[in-house]
Amino acid sequence: MPKRQEEAAMDHPDSGLWRGPAAAAPARAAVSADLPDPLPRLARALGPGPFAQVFLFASPEADLAALAAAAPAVFGAARVCGCSTSGEITAKGYDSGQIVAFALPAAGFEVEQLVIERLDALDPRTLIAEALRARQALGRRAPDWPQEAAVLLIDGLSGQEDALVAALSGGLGAVPVVGGSAGDGARFRTAPVFARGQLRENAAVLTLIRSAWELRPFSFAHQRPTARRMVVTRADPSRRLVERINDEPAAREYARALGRLPEQLTPFLFAAHPLLVRAGGRHHVRSIQQVAPDGGLTFFAAIDEGLVLTLAEPVDMVAHLRAELAGLCAGGRPAVILAFDCFFRRLEAEGRQLGREMSELLMQHGVWGLSTYGEQVGAMHVNQTLTGLAFYPPEARR
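Just so it is clear, the model here is predicted, and its values are computed rather than measured.

Draft legend 1. Quick peek at empty space enclosed by the protein. Throughout the structure, instances matching the rule amount to 1 cavity of 30 Å³ or more. Forming the walls of the largest cavity are Ala68, Ala71, Pro72, Val80, Phe194, Ala195, Arg196 and Gly197. Of all elements in the fold, only α3 (64–75) and β10 (193–195) reach the threshold of two or more residues within the lining of the largest cavity. Among the elements that line the lining of the largest cavity, the one with the most residues is α3, at 3 residues.

Put into structure tokens, the structure is as follows:
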């Protein structure tokens, strides 16, 4: 068997600094997705637990249906959920072809899990009521743990992220939400989630967390607006399709703004030059997925007629990430970071020959997670952003 298949990536060096019943750090491990029967090996790499929650982020090279079916038996009493990825983040930084596990110890964490199906037929009132009940149940079970957060995993090809996060905000109140849209590399064929032993499309899984640990949400985006603006003059919001910009075919007008021809548009150009919309006093990225057959542009997030789009330019990705991660360490270093990093951020980093430097920063700060088709932060679905939770041990709380 190749050496890579024998490797299981374990905790970063700082994970052993905190001891005690409520101070066991979240466990994390990774094994190759092409292993036969990979979950028992992954469970051994995580350690004995017990765990309240196990998140699994699996390369599409894995047998996702078999993974989903086997997970409940392998991880016992722990709640288990996960999704497919567009790349993984492990002890090596950016990685690929892996199954990543991120597990919350029962000693310091309590969870509730909500499976949301038929995203294209959401009933916001029902969803709000279910989220409220789940949050209340969690509060009754862990009344002495004040820290709350929610992790949301969504079918990355459902096109329903914006509607879902907007609906959930009514039931979660001040609970911070982070998460990501499942990915499928650059294939865009299927991007499912899984929970309760089943692979699920057109679905999402919400995990509510209460903890003795400090749970700090974050959201980093390295783009800045230019003076170049354009207006969406025809769109099909249900398909996230922009047909015309400035009353010109969308792909042609976007290419013109870049000084390119439409046939020169590539995923790297989309990643390097996304478009921004302004909401809530700040700019948010709207990444382009691909050029449509009719010359329109398909996006990864909500788009509508009348929107003013601003062409973005990147700042230095490495310097920006270094500064933002240093900010998370101000006053105390997190034990580990769970991250949802946009697939296009990774594509841009690799296209600019910055993948190794980005990986080194992720490794140094104990960042684990996945590359996604979009990111959730609060009541917003965004693109080309790094979101997640930083975990600080109880005795380090400031």
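Now that the structure has been shown, we can carry on.
Draft legend 2. How the structure looks around the sheet that holds strand β6 (residues 98–105). Taken together, 6 strands build an open sheet; the order of strands is β1-β6-β2-β3-β10-β11 and the sheet is mixed. Here the strands that pair on one side only, and so sit at the sheet edges, are β1 (27–32) and β11 (198–200). Taking each pair of neighbouring strands and ignoring which way they run, the sheet shows an average axis angle of 20°. Direction of pairing for strand β3 (residues 79–84) relative to β10: antiparallel, over a ladder of 3 bridges. Counterpart to glycine 82 in the pairing with β10 is phenylalanine 194. Of the strands in this sheet, β1, β2 (51–58) and β6 are in contact with helix α2 (residues 38–46), which crosses β1 at around 145°. Together, β2, β3, β6, β10 and β11 form the strand contacts of α3, whose direction differs from that of β2 by roughly 165°.

Calculation criteria
- Residues numbered from 1 in each chain as written.
- Predicted model: local features only at pLDDT ≥ 70, side-chain atom pairs only at ≥ 80, totals over all residues.
- Heavy atoms only, no water.
- 1 Å grid on protein atoms, 1.4 Å probe; cavity = no way out; pocket = protein on both sides within 12 Å on 5 of 7 lines; lining within 4 Å.
- Points joined across faces, edges and corners; volume = space filled by probe spheres on them.
- Helix = DSSP H or I, 4+ residues; strand = E, 2+ residues; numbered from the N terminus.
- Pairing = 2+ DSSP bridges.
- Axes fitted to C-alpha atoms, helices over the stretch in contact; angles between N-to-C directions.
- Contact = heavy atoms within 4.5 Å.

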